[in-house]
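# Architecture at a glance
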Amino acid sequence: MAKVRLENVSKVYGDVVAVRDIDLEIDHNEFVVLVGPSGCGKSTTLRMIAGLEEISGGSIHIGDRVVNDEPPRMRNVAMVFQNYALYPHMSVRENLAFGLTLARVPRREIDLKVAEAADILGLDELLDRQPAQLSGGERQRVAMGRAIVRHPDVFLFDEPLSNLDAQLRTQMRTEIKRLHRKVKTTVVYVTHDQVEAMTLADRVVIMRAGKVEQIGTPDNIFHYPANAFVAKFIGSPPMNMFDAVVAETTDGKVLRVDSDWQLPVPRHLATRVEAGHEVVIGLRADDITPRGHGMPPREGAVFESAVNIVEPLGSETLLFVNFGPSETIAKMVRPRTVQEGETLSFDVNLEELKLFDRSSGQAIERTRA
Amino acid sequence: MSGLSHRRGVSRLLGRLELVVIWVVTAVALAPFLWLMVTAFKHRTDVMSPTPKILFSPTLSNFHEAFVIGPFTTNLINSLVTASASTLLCLVLGLPAAYAFSRFRVYGEKHVFFYVLTTRMAPGIALVLPLYMFFQSIGLLGTLTAVTVAQTTFNLALVVYLMRNFFNDIPRELDEAALTEGAGEWQVFTRIILPLARPGIAVTAMISFLFAWNEFLFAFMLGGTGAQTLPAAFPGLVTPHGTYWGQLAAASVVVSIPVLIMIWFIQRHLTRGLTFGAVK
């Protein structure tokens, strides 16, 4: 249990800046997920917290201590690696006990703690096996067990589920969440999978090219993305994006996608943009729905299009339709069978429409209601 | 159908041919050794017989003359001592060095590693004179220490090179996992890396032992009469009065025994040891 604070932390390899001036404060028992595309610096950040990479600038605090120059063993952190990193020459029991043995914990206490961890993770039956005899999911659990026996201040997870198949990944995701509820420790978790980030995190840190793009609760970053990158990265399917220019008409301001395709500027953004402003429209598939499937929006627009592609997902169906000059994804909840080529009318929920400044990519903030 | 059976016939023929080639190569390779084995058990008269004798009454007299009457038992012990000691020294010095080369990024590390390798590439004959003068000046010439140290300098590079490859194949995450679990660098090395590298260490130790065991030049020049190893004692059997073929053969058989035993042990690991890290 400890706070973790990163102040202006950066990492430079030769000429390459892997992490640039990151500021991050992680609370007691908070579950923070660092997420971003590969090469965004998320793993490097985690490894700097662990002490496996030296920092090039700034400072890292764990609890009340500045740990910049402390070796990993002094930091009281536990790390779970993507490839599990179980010691192949030791049994599961020895793997779990290794850290405690190093700390010269008395034998009896080690046995108790190993038994406790094994119980939490359901490893009792496996204690005398060798790592080579375990399945991927079992290895993952042993790796987590190795972390929890030591009661560390901070848990660090480096893409722990990436080597598992899809079904097991979902299952282990829930287990990790349950484990966090049970053992109550500060967690820093790295993943490139936004679903993992959204489902696990108290707060999500979205990174790109060594910089933090946005920090917020899953809800917050989903509904109020700070910029176009975050908007597109979070959510599945990714947010639909169209270039547009704001124009003044007799009916008020409109977002002109091309000469004969436009949407009204929604009320919550009307005072934020002027005619001539070059913007990017962001609309999630959830906000483009076939008429009659769901409540019509309070503030909406309607368009018609033939359906190009139908992707049924069971509880909902994704429809690829023409939105003016470009293609967009619409979502049909409580779906019926739709033929490709069939023409439907669609409601656009303007209340959820996002605008981004085209040159900076930053979100144009809505007026508070 | 006939095409297929024809092809099968051709491949069977090739298989036979392959077998013939293997037998010929084996015979050529083994012939001198067989001659040696046979000679070791022949009486002096049978050895010197102008027409090679296939049938003869075997005797142990050559072994008796070389090892009981002659000094070869002492030489054998010297060989065992120097080869074991230099192997141990090579491992003690070489394993940490190899680990450091495998794991730590140090400025100029590649140059240092290349320098280590060149110590093995240098011709022994070029090194033996300076070593001779060096050991003479510190009064160690003709001692087991001198031979051991000289063989260590020569085999250390091999140990560092082979073991670095073995260490490179151990995932770095294991080191990192141990580090975050509270281990220091030395504990990582002794408790994770060394146990995992055990097969590699075994192979490397045996190769190092064999090289020291077989080594002639340093042992001959630096060991003098006081620390003569088995190979270094061989020239003593070539005398102005004649060559003691029987005793030479007997000593050769004995000197080959540890080699055969070790080859038998490591044949499964040998190729892996030498190519470790090269393919992966």
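Sequence order as written defines the numbering, with residues in each chain counted from 1. Going through the entries in the order they are written, you letter the chains from A and number the ligands from 1. The model is predicted, so local features are restricted to residues of pLDDT at least 70 and side-chain atom pairs to those at 80 or more, both for listing and for counting; the totals for chains, interfaces and linings are taken over all residues. In computing side-chain properties, one takes all heavy atoms of the structure into account and sets aside hydrogens as well as water.

## Digging into the side chain of T204 of chain B
Residues and elements named next belong to chain B. Helix and strand labels come from DSSP, where a helix needs a run of H or I of at least four residues and a strand needs a run of E of at least two; each type is numbered from the N terminus. Along the polypeptide, T204 turns up in helix 10 (residues 198-214). The buried label applies to any residue whose accessible area, calculated with a 1.4 Å probe on protein chains only, is under 20% of its type's maximum; exposed applies above 50%, and partly exposed to all values in between. For T204, a relative accessible area of 0% gives the class buried. Two residues form a contact once any of their heavy atoms are found within 4.5 Å. With sequence-adjacent residues up to four places away left out, T204 is seen in contact with V159, L162, M163 and F166.

## Quick word on the sheet that holds strand 19 (residues 343-349) of chain A
Residues and elements named next belong to chain A. Pairing between two strands is assigned when DSSP locates at least 2 bridges connecting them. Across the sheet, 5 strands lie side by side as 15-19-16-17-18; this open sheet has antiparallel pairing. Of all the strands in the sheet, the pair left with one neighbour each is strand 15 (288-290) and strand 18 (326-333). Taken pair by pair, the neighbouring strands of this sheet meet at an average axis angle of 45°, ignoring direction. Pairing of strand 16 (residues 300-312) with strand 19, which is carried by 7 bridges, proceeds in the antiparallel orientation. Simply put, an axis is a line fit to the C-alpha atoms, just over the touching stretch for a helix, and the angle between two N-to-C directions goes from 0 to 180 degrees.

## Re unusual backbone geometry
Note: most peptide bonds trans; most residues except glycine with negative phi. Residue and element names in this part refer to chain A. Across the junction of S236 and P237, the peptide omega takes the value 0°, indicating a cis bond. You can see P237 is positioned in the loop between helix 8 (228-233) and strand 11 (240-249). The phi angle at N76 is positive, at roughly 55°, despite the residue not being glycine.

## Overview of the interface of chain A and chain B
Chain A puts 21 residues into the contact, and the matching count from chain B is 16 residues. Defined in terms of a 1.4 Å probe, buried area is the accessible area two parts forfeit on being brought together, summed over both. For the chain A and chain B pair, buried surface summed over both sides reaches about 1,700 Å², with 64% attributable to carbon and sulfur atoms. In terms of surface lost to chain B, no three residues of chain A exceed R73, H89 and L102 of chain A, which account for 31% of the buried area on that side. For this analysis, a salt bridge means a side-chain nitrogen from Lys or Arg found within 4 Å of a carboxyl oxygen belonging to Asp or Glu. Where chain A meets chain B, there are 2 salt bridges. The partner of R47 of chain A in a salt bridge is E176 of chain B, and the shortest N-O contact between them spans 2.5 Å. A 3.5 Å cut-off defines polar contacts: any pair of N or O atoms within that distance qualifies, except that in protein one atom must be a possible hydrogen donor and the other a possible acceptor, and neighbouring residues in sequence count only when both atoms are side-chain atoms. The interface formed by chain A and chain B contains 7 residue pairs in polar contact (both at pLDDT 80 or more). Every element with two or more residues in the side of chain A that touches chain B is listed here: helix 1 (42-50), strand 6 (77-80) and helix 2 (92-102) of chain A.

## Section: the packing of helix 5 (residues 109-121) of chain B against helix 7 (residues 144-168) of chain B
Residues and elements named next belong to chain B. One can describe the packing of helix 5 onto helix 7 by two numbers: an axis separation of 7 Å at closest approach and a directional angle of 130°. Classed by the angle they form, the pair helix 5 and helix 7 counts as oblique. Of the two elements, helix 5 crosses helix 7, and the hand of that crossing is left-handed. Packed against helix 5, whose contacting residues are F113, V116, L117, T119 and R120, the element helix 7 presents T153, F154, N155, A157, V160, Y161 and R164 at the interface. Residues are grouped as follows: Ala, Val, Leu, Ile, Met, Phe, Trp, Tyr, Cys and Pro are nonpolar; Asp, Glu, Lys and Arg are charged; all remaining types, including Gly, are polar. Grouping the amino acids of the contact of helix 5 with helix 7 by side-chain chemistry returns 7 nonpolar, 3 polar and 2 charged. For classification, angles of less than 35 degrees are called roughly parallel, those exceeding 145 degrees roughly antiparallel, those between 65 and 115 degrees roughly perpendicular, and all remaining angles oblique. Left-handed is the label given to a crossing in which the near helix is rotated counterclockwise from the far helix by less than a right angle, and right-handed is the label when the rotation is clockwise.

## Some remarks on the domain arrangement of chain B
Residue and element names in this part refer to chain B. Domain assignment breaks chain B into domain 1 (2-40) and domain 2 (63-274). The C-alpha-based centres of domain 1 and domain 2 are spaced at 35 Å. Listed per partner, the contact involves 6 residues of domain 1 and 9 residues of domain 2. Carbon and sulfur atoms supply 87% of the area buried between domain 1 and domain 2, which totals about 530 Å² over both sides. Domain boundaries shown here were taken from an automatic or database domain assignment.

## Some thoughts on the nonpolar core
Put simply, a nonpolar core is a bunch of buried Ala, Val, Leu, Ile, Met, Phe, Trp, Tyr and Cys residues held in one set by side-chain atoms that sit within 4.5 Å of each other. Of all hydrophobic cores here, the largest spans 63 residues; its most connected members are L156 of chain A together with M163 and F167 of chain B. Ignoring sequence-local partners within four residues, the contact set of F167 of chain B consists of L95, A98, Y99, S102, R103, F189, I193, L194 and A197 of chain B. Formed by 46 residues, the second largest nonpolar core is a distinct cluster that contains I110, L121, F155 and V230 of chain A.

## Focus on the packing of helix 2 of chain A against helix 9 (residues 185-196) of chain B
With their axes 13 Å apart at the nearest point, helix 2 of chain A and helix 9 of chain B run at an angle of 145° to one another. For the element pair helix 2 of chain A and helix 9 of chain B, the recorded crossing hand is right-handed. Contacts between helix 2 of chain A and helix 9 of chain B involve F98, T101 and L102 of chain A on the former and, on the latter, Q187, R191 and I192 of chain B.

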